[in-house]
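Residues per chain are reported as follows:
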Amino acid sequence: MAEDVKTLDDLKSVVSGTDAPAAQEETTREPVRDRLGRSYATGKRKDAVARVWIKPGSGRVSVNGKEINTYFARPVLQMILRQPFQVAGVSDQFDVTATVKGGGLSGQAGAVKHGISKALQLYDPALRAPLKAAGFLTRDARVVERKKFGRAKARRSFQFSKR
């Protein structure tokens, strides 16, 4: 306690005396794949939960047993699903199989996007940096606010009447 630490170099010398191996140890991420060569991740958005498997392939995307063009008919939703591949620079290199439950189509598309992003970084840890920089690995925690008693909706009151 008598040592006076004024610079970062002094702090390093103090720390190196106690925990040098633990402080210097660098963690490297290993790919996480099953025996079939797939990576699995769970994505969530609003009330939707998506279970996503990715494996090397030709870029085929199937959601709940249907093709992406059939399940997500709106082009905006299809674009949302393709974003992780474009950011990581691996377009048309992985086949995706996803099952999604709950929520609406927009929430489901966001959940599948989140699941694809997490599965990609598990399959190849080198893809983690661009996906994290784009914010695709962060779960969007915004959900619908609940309705309160004595109110018309979550915040809306009933119309006030003076008489």
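Up top is the structure.
This structure is a prediction, so every number in the text was calculated from the model and none was measured. (Residues numbered from 1 in each chain as written. Predicted model: local features only at pLDDT ≥ 70, side-chain atom pairs only at ≥ 80, totals over all residues. Heavy atoms only, no water.)

Student: Go over the overall build of the chain, please, and point to the residues and values.
Tutor: Per the secondary structure count, the chain includes five helices and five strands. Listing the helices and strands of the chain from first to last along the sequence gives α-β-β-β-β-α-α-β-α-α. Taken over the C-alpha trace, the chain has a radius of gyration of 23 Å; the compact-globule value for 163 residues is 15 Å, which it surpasses by more than 25%. If you line up the chain on its principal axes, its C-alpha atoms span 75 × 60 × 25 Å. (Helix = DSSP H or I, 4+ residues; strand = E, 2+ residues; numbered from the N terminus. Rg over C-alpha atoms; globule rule 2.2 N^0.38 Å.)

Student: How would you sum up the side chain of Q108? Please name residues and give values.
Tutor: Mapped onto the secondary structure, Q108 falls in helix α4 (residues 105-123). Sequence-distant contacts of Q108, defined by excluding residues within four places in its chain, comprise A48, Y71, F72, V100, K101, G102 and G103. (Contact = heavy atoms within 4.5 Å.)

Student: I'd like a description of α4, backed by residues and values.
Tutor: Counted at 1.5 Å a residue, the expected span for α4 with its 19 residues is 27 Å, and the 26 Å between its end C-alpha atoms agrees. Of all 19 residues in α4, 15 are buried, a share of seventy percent or more. (Expected span 1.5 Å × (residues − 1). Buried < 20%, exposed > 50% of the residue type's maximum accessible area, 1.4 Å probe, protein only.)

Student: Lay out the nonpolar core in plain terms, naming residues and giving numbers.
Tutor: Grouped together as the largest cluster of nonpolar side chains are 31 residues, with contacts concentrated most on I54, V63, F72, L81 and L120. Listed by contribution, the elements that provide at least two residues to this core are β2 (48-56), β3 (61-63), α2 (68-71), α3 (75-88), β5 (94-101) and α4. In terms of residue count, the dominant contributor to this core is α4 (seven residues). Those residues within four positions of V63 in sequence are excluded, and the remaining contacts are Y71, F72, L81, A98 and V100. (Core = buried A, V, L, I, M, F, W, Y, C linked by side-chain atoms within 4.5 Å.)

Student: Outline the sheet that holds β2, listing residues and values.
Tutor: Taken in spatial order, the five strands make up an open sheet running β1-β2-β5-β3-β4, and their pairing is mixed. Sheet topology places β1 (39-45) and β4 (66-67) at the edges, where each strand pairs with a single neighbour. Two strands pair when backbone bridges link them, and β1 and β2 are joined in this way by seven bridges, in the antiparallel orientation. Paired with K44 across the two strands is V49, which belongs to β2. Strands in contact with α4 are β1, β2 and β5; relative to β1, the strand with the most contacts, it is inclined by about 145°. (Pairing = 2+ DSSP bridges. Axes fitted to C-alpha atoms, helices over the stretch in contact; angles between N-to-C directions.)

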